[in-house]
Amino acid sequence: MASDLLQIALEHHRAGRFRQAHELYVRLLRTNPDHPEATLWSGVLAVQAGRADAAIPILEKATRLTPDDPAAWHNLGQAALAAGRTTEAIAALERAVKLAPDRAETLIAWGIAHLSAPAVDGTGRAAHAQAAVFAFRQALAAGQDSAEVHHHLGVALLAAGDAGAAIGALVASLERKANDAGTFYHLAMAHRARDDSANVRKALLKAVEVDPEFARGWHALGTLDYQAGNLEIAASLFRRAIGADPSWPAPHRDLGRVLDELRRPTEARLAYGQAVQAARGQTRERPATPTLDQALDAAERRYTDPKTMELHHALSAHLDVLAPAKVPDQLLTNLYDKYAANFDEHLRNKLGYAVPELIAEAVAATRPGRLLDTLDLGCGTGLCGALLRPMAATLAGVDLSPAMIEKARERGVYDVLETGDLVAMMRAAPREAFDLLTAADVLIYTGDLSPVFDAAAGALRPGGMFAFTVEADQTGVAGDRYHLQRKTLRYTHAETYVRRLAQIHGFSIETFETIVSRTENEKPVESYLVLLRKAE
């Protein structure tokens, strides 16, 4: 069904699997060229991949298909802004604002578009600045009280000629984010507009203290000393600016001017020559624009880079940001390599862990009267494998932790054991190789279950079973998807999310029970025990 394909595509998109999402959007649009959601999201994906030029016609079509959808106009405006088509961006974002007046994200983009607009489009620069001030103030009124919005407001007020109000907005930004070099720089410019040279220098010094590679700050400080007649100091400051950004022509040029006045003509000519080279470098022919497929691949690599994923996970543990799709593999490997020696004793004796028994009972109650080719996903030390062996024709196990695999090998119940990722192993196996897949308290480290369900559907024979547990979302905080718990760094899943994924991946639900998987801090941990069956 088209609705199922769209849901799968959106899961891929949210998790950064951009190529897979793109392929499904294309598939939907091949069947129905006017599919509104697939049109919109394929355009959004092109913007995320840095191909605003390719996104614009797609998003223009989205606005024709759904002219009253503010999201379509918002994303068209963002694409036009990224492509440097500011007049079109302003028009699209204004339409989005009319449809959703309190959407802060759109108000901010609208203000940025006005700040970026050239004065030659029939509207004066001051008028654009005033429009930007209005947009940012509306964003603040809509509840977006962030350092970013106050910073943008300060820049807009400065462009509109109200330096006093600009100072207030920029100070408010620094109160929310104290170490931003760009904000200190604009604060210096606002003080300069009021001829407050002492505070200009103070703000610029703070900017380069916060970011020693902030070229604009060093250049502005050099300009102050040049104007004060401190030529040697100015020369050293311009050199600091060049060191921070050698490709910027301005400090090379101004260094040449200072050296001329210091009667050092040879050095001055060299500085002027480097200014010319820098200017030529800025106008040098740009590399060929990547195709959309190449751009999607590059964006996906950036999104799924292991260091990026680890940073995302670390931030989500401490800040209110969108949860990553899963816990990074290396973190789990490190954790369970250290835990392997005491794993069984800790789970059984201290946490009252009984998930393997519950999974084995559910499988035994529903299995056909024959032995099953079985894959134990995240097998750990083999607690589940020992219970599955009597029902298994063949039994394989996979786990990220080499130390856990060694413990499982000591049990002598598995025919095959491999170290690696469970999704990768399912996809590497021959198609429809298994009758049973189990995952006992493994998916608690994965938020986005779509790749797991997709791989399981391919690995199971018709009528095959997939038995697993996930921690239950009992508070509603997961909404209709999943939630990363800050204390445990495990995910809870919404029942509706698990049921929806089962449906769109072609599974029927044999068992869906709420169980107590363990006791933690003297409190029961509620989980869902789920047994799915692939269609015959």
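Refer to the preceding data block for the structure.
Because the structure is predicted, anything quoted here is derived from the model rather than measured.

J.: Any chance you could break down the overall build of the protein chain for me, citing the residues and the numbers?
T.: Within the protein chain one finds 26 helices and 9 strands. Within the protein chain, buried positions represent 49% of all 536 residues. Sequence-distant contacts in the protein chain: of pairs separated by 6 or more residues, those separated by 24 or more amount to 57%. Accessible surface computed for the protein chain: about 25300 Å², of which carbon and sulfur atoms make up 52%.

J.: Help me get a handle on the environment of A234, residues and values and all.
T.: As for its placement among the helices and strands, A234 is situated in helix α14 (residues 231-244). Separated by 15 residues in sequence, A234 and H219 place their C-alpha atoms 8.7 Å apart. Once residues lying within four places of it in the same chain are set aside, the contact partners of A234 are G222, D225, Y226 and V258.

J.: An account of the pattern of salt bridges is requested, with residue identities and associated values reported.
T.: Summed over the entire model, instances satisfying the criterion amount to 27 salt bridges. A salt bridge links R85 to E88; the nearest nitrogen and oxygen atoms lie 2.9 Å apart. Residue classification places R85 among the partly exposed residues on the basis of a relative accessible area of 33%. Residue E267 pairs with R264 through a salt bridge whose shortest N-O separation is 3.1 Å. Note on R264: relative accessible area 23%, which makes it partly exposed. What emerges from the salt-bridge pattern is a single network uniting E232, R239, R264 and E267.

J.: Which residues make up the pairing of strand β3 (residues 416-419), and what values do they have?
T.: Judged from the 4 bridges that link them, strand β2 (residues 392-399) and β3 form a sheet pairing that is parallel. Directly across from D399, in β3, lies its bridge partner T419.

J.: Got a sec to walk through unusual backbone geometry? Specific residues and values, please.
T.: Even without being glycine, D195 reaches a positive phi, approximately 60°. Within the element layout of this structure, D195 appears in the loop between α11 (181-193) and α12 (197-210). Here D195 falls in the exposed class, since its relative accessible area comes to 71%. Residues other than glycine seldom take positive phi values, yet D441 does so here, at roughly 55°. Under the relative-accessibility criterion, D441 is labelled buried at 8%.

J.: I'd like a rundown of the packing of aromatic side chains, residues and numbers included.
T.: By convention here, two paired aromatic rings are described through the distance between centres and the angle between planes. Following the criterion strictly, the structure yields 10 aromatic pairs and no others. Ring plane angle 85° and centroid distance 6.2 Å describe the contact between W110 and F134, whose orientation is recorded as edge-to-face. Here W110 is found in helix α7 (residues 104-116), whereas its partner F134 is found in helix α8 (residues 125-141), with 24 residues between them in sequence. On the numbers, 6.5 Å between centres and 50° between planes, the contact of F466 with F507 is tilted. Placement of F466 in strand β5 (residues 460-472) and of F507 in strand β8 (residues 507-520) is noted, with a sequence separation of 41 residues between them. Judged by relative accessible area, F507 falls into the buried class, the value being 7%.

J.: Which residues make up the nonpolar core, and what are the values?
T.: Counting 54 residues, the largest nonpolar core has L375, L377, M426, L437, F453, F466 and F468 as its most contacted members. Counting residues per element, this core draws most heavily on helix α25 (residues 450-459), which supplies 6 residues. Contact partners of L437, with chain neighbours within four places excluded, come to L375, L377, M426, A456, A459, L460, M465, F466 and A467. If you look at the next biggest cluster of nonpolar residues, it comprises 45 residues, including V97, A113, A132 and M189.

J.: Any chance you could break down the packing of helix α2 (residues 18-31) against helix α3 (residues 36-48) for me, citing the residues and the numbers?
T.: Relative orientation of the contacting elements α2 and α3 amounts to 145°, with a least axis distance of 9 Å. When the axes of α2 and α3 are compared, the crossing they make is left-handed. Seen from α2, the contacting residues are F18, A21, H22, Y25, L28 and L29; seen from α3, they are A38, T39, W41, S42, L45 and Q48. Residue composition of the contact of α2 with α3, grouped by class: 8 nonpolar, 4 polar and no charged.

J.: Hey, could you go over the packing of α3 against helix α5 (residues 70-82) for me, with residue numbers and the actual values?
T.: Where α3 meets α5, the closest approach of the two axes is 10 Å, and the angle between their N-to-C directions is 25°. Regarding the angle of α3 to α5, the classification is roughly parallel. Pair α3 / α5 crosses with left-handed handedness. Judged by residue contacts, L40, V44 and V47 of α3 engage A71, A72, N75 and A79 from α5.

J.: Could you give an account of α12, naming the residues involved and the relevant values?
T.: Relative to the 20 Å expected for 14 residues at 1.5 Å per residue, α12 spans 20 Å between its end C-alpha atoms, a close match to the ideal helical length. When we look at burial in α12, the residues that qualify are V200, A203, L204, A207 and V208. Looking straight down α12, one finds that the buried residues subtend no more than 135° of arc, so they occupy a single side. Exposed side of α12, more than 90 degrees from the buried face: A198, K202 and E209 are the residues found there.

The rules behind the values
Residues numbered from 1 in each chain as written. Predicted model: local features only at pLDDT ≥ 70, side-chain atom pairs only at ≥ 80, totals over all residues. Heavy atoms only, no water. Helix = DSSP H or I, 4+ residues; strand = E, 2+ residues; numbered from the N terminus. Buried < 20%, exposed > 50% of the residue type's maximum accessible area, 1.4 Å probe, protein only. Contact = heavy atoms within 4.5 Å. Areas by Shrake-Rupley, 256 points an atom, 1.4 Å probe, with all protein chains shown as cover. Salt bridge = Lys/Arg side-chain N within 4 Å of Asp/Glu carboxyl O. Pairing = 2+ DSSP bridges. Phe/Tyr/Trp six-rings, centres within 6.5 Å; stacked < 30°, edge-to-face > 60°. Core = buried A, V, L, I, M, F, W, Y, C linked by side-chain atoms within 4.5 Å. Axes fitted to C-alpha atoms, helices over the stretch in contact; angles between N-to-C directions. Left-handed = near helix turned anticlockwise from the far one by under 90°. Nonpolar A, V, L, I, M, F, W, Y, C, P; charged D, E, K, R; others polar. Parallel < 35°, antiparallel > 145°, perpendicular 65-115°, else oblique. Expected span 1.5 Å × (residues − 1). Arc of directions from axis to C-beta.

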